[in-house]
Structures are given as structure tokens and as C-alpha cells.
Amino acid sequence: MTIGVLALQGDFARHIRMIEGLAAKAVEVKTKATLHSSDGLIIPGGESTTLAKLLHKHHLWDQVVQFGRTKPIYGTCAGLILLGTSPILPNLDAMGLIDIAVQRNAYGRQIDSFVANLELHLPDQKVAFEGVFIRAPKITGFGKSVQPLAWHDGNVVLAESDRILVSTFHPELTDDPAIHSYFIRQVAASMQHRDIQGAA
Ligand code: GLN
């Protein structure tokens, strides 16, 4: 299994370290070839407008959208903004791979970064987790296909639908591998599922 980490901008190095710490293979994704050699993709935090522009510039935007139709993607913070349905800028659409409405920089300047104790309701376990929020977005609405997995102050901060996992916070900035480990399990399950379908 190979986990690709989009490495155009932002916080990708720590995601790679986290994946390698779980004894899985991680690759920096900067090209179509490295994207397609990956079984799952992490889109890190950073600046969503810059990330979107770089993805278009490198002709990777449509490739990532296609990827997300068959393989798992985990987006943190700016990555979540790219995967949702709300325009990133008035003339810059998001990918719409998960049915969530998103407000960027939703906590305002005064509390633009904070740490909060969360409880993750993963399908197979409930775990305590330290959420690091940095100029974080809020999920302001979500469709029936979306399963919320954690909340902070009444807002959903971790959610998934089919192959797409998103968090408004940065688990790669903690030492806790619970979410990356969950994503790796999802990628393994999706690979198995595709093998079965391929054999049928
Ligand atoms: N505020 C950033 C944006 O709007 C996201 C911040 C982050 O990824 N930590 O893209």
C-alpha cells in the first residue's frame, strides 16, 4: 500500500512522517504519475486558494477529482476546503467530492489558532484526541451521505462519506496516530473492495 501526500504546498512533511511512523509507505505527490501510484491520498493544510491554483497549474485538479471517485482521500483544513462544495473564492470552485458546505477562516482573527480536547466517534472505536485548529474552517452544513465523527462546540470537525475523510483540524501536529491509522485502514479496505470487484 502506498499513501500519497499532496506536496505542492503546506504541511505535507509531517503527514509523511506520521504515515511512515505507522510502517506504511508514503510518497510525495507532485505529478500525475505519483498520484496514480498511490492507493490513497492526503491533502494537507496550507492555504486553500494557493493549493487550488497550484493544482490547476500542474494539471492535477481533474486528476485528483477522478482519483477521489474510486480511491480514498483525507483532507485536513485547507484540504477539507478543497474537497467540499463551497466555492473557495467567488470564481474558484471546490471539488465537491464530499457534500459539506464550508466557511473558511470561520473562527476569526482573535482565536485563529487553538487546541481543544475532542472525542472521535470512529466506527470501530471512541477515542480522545487533541485537536489543533489553525485558521480553521467550519463545516456549516452537510448532506445525508456525510457521517459526522467528531464535534467541537456543536460544530462537526471530523466527517466522512464513502471514500472521503475530512477534518477541520491538524492531526499531523500531534503525536497521536489515531486518525492516520484509521485512514490507512480505510485505504486497505478500499483496495480489498477493488480487488474483489476486479476479480468478479
Ligand atoms: N485558512 C486556510 C484557508 O483558508 C486554511 C488553514 C489551514 O489549512 N491550516 O485555506
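It should be noted that the structure appears before, not after, this text.
First things first, this report covers the structure right here in the doc. (Residues numbered from 1 in each chain as written. Predicted model: local features only at pLDDT ≥ 70, side-chain atom pairs only at ≥ 80, totals over all residues. Heavy atoms only, no water.)

Here's the deal with the site of the ligand
Right, on to step 1. Residues in close proximity to the ligand include G45, G46, E47, S48, C77, A78, I81, R104, N105, I134, R135 and H170, which together make up its full environment.
Right, on to step 2. Between N105 and the ligand, the recorded distance is 2.6 Å, taken from a side-chain N or O atom to a nitrogen atom.
Right, on to step 3. Contact between the ligand and I134: a nitrogen atom at 3.0 Å from a main-chain N or O atom of the residue.
Right, on to step 4. Contact with the protein chains removes 98% of the 300 Å² of surface that the ligand exposes when unbound.
Right, on to step 5. Assessed atom by atom at 2 Å from the grid points, the ligand resides in the largest cavity.
Right, on to step 6. Classifying every residue of the shell around the ligand by side-chain character gives 4 nonpolar, 5 polar and 3 charged. (Near = heavy atom within 4 Å. Polar contact = N/O pair within 3.5 Å; in protein donor to acceptor, adjacent residues only side chain to side chain. Areas by Shrake-Rupley, 256 points an atom, 1.4 Å probe, with all protein chains shown as cover. 1 Å grid on protein atoms, 1.4 Å probe; cavity = no way out; pocket = protein on both sides within 12 Å on 5 of 7 lines; lining within 4 Å. Sits in = over half its atoms within 2 Å of the grid points. Nonpolar A, V, L, I, M, F, W, Y, C, P; charged D, E, K, R; others polar.)

A few points about the pattern of salt bridges
Right, on to step 1. Applying the stated criterion across every chain, the model contains 4 salt bridges.
Right, on to step 2. The partner of E47 in a salt bridge is R104, and the shortest N-O contact between them spans 2.8 Å. Of this pair, E47 sits in the loop between β3 (40–43) and α3 (48–57) while R104 is found in the loop between β5 (100–103) and β6 (113–122), placing the two residues 57 residues apart along the sequence.
Right, on to step 3. Given the relative accessible area of 22%, R104 is considered partly exposed.
Right, on to step 4. Through salt bridges that share partners, E47, R104 and R135 make up one connected network. (Salt bridge = Lys/Arg side-chain N within 4 Å of Asp/Glu carboxyl O. Helix = DSSP H or I, 4+ residues; strand = E, 2+ residues; numbered from the N terminus. Buried < 20%, exposed > 50% of the residue type's maximum accessible area, 1.4 Å probe, protein only.)

Some thoughts on the layout of surface pockets
Right, on to step 1. Here the largest pocket is characterised by a volume of approximately 260 Å³.
Right, on to step 2. Lining the largest pocket are 15 residues, and of these P72, D162, R163, Q186 and S190 lie nearest its centre.
Right, on to step 3. Breaking the lining of the largest pocket down by element, the ones donating at least two residues are α4 (61–70), β11 (164–167) and α6 (178–199).
Right, on to step 4. Counting residues per element, the lining of the largest pocket draws most heavily on α6, at 6 residues.
Right, on to step 5. Taken together, the residues of the lining of the largest pocket break down into 6 nonpolar, 4 polar and 5 charged. (Points joined across faces, edges and corners; volume = space filled by probe spheres on them.)

Section: empty space enclosed by the protein
Right, on to step 1. This model, assessed by the stated rule, comprises 1 cavity of 30 Å³ or more.
Right, on to step 2. Approximately 80 Å³ is the volume attributed to the largest cavity.
Right, on to step 3. Lining the largest cavity are G46, E47, S48, C77, A78, I81, R104, N105, I134 and R135.
Right, on to step 4. Residues that form the lining of the largest cavity fall into these classes: 4 nonpolar, 3 polar and 3 charged.

Looking at unusual backbone geometry
Right, on to step 1. At H59, a residue that is not glycine, the phi angle is positive and equals roughly 55°.
Right, on to step 2. Mapping H59 onto the fold places it in the loop between α3 and α4.
Right, on to step 3. Phi at R135 is positive, roughly 40°, even though this residue is not glycine.
Right, on to step 4. Among the structural elements, R135 can be located in the loop between β7 (125–134) and β8 (138–142).
Right, on to step 5. Relative accessible area serves as the criterion here: at 41%, R135 is assigned to the partly exposed category.

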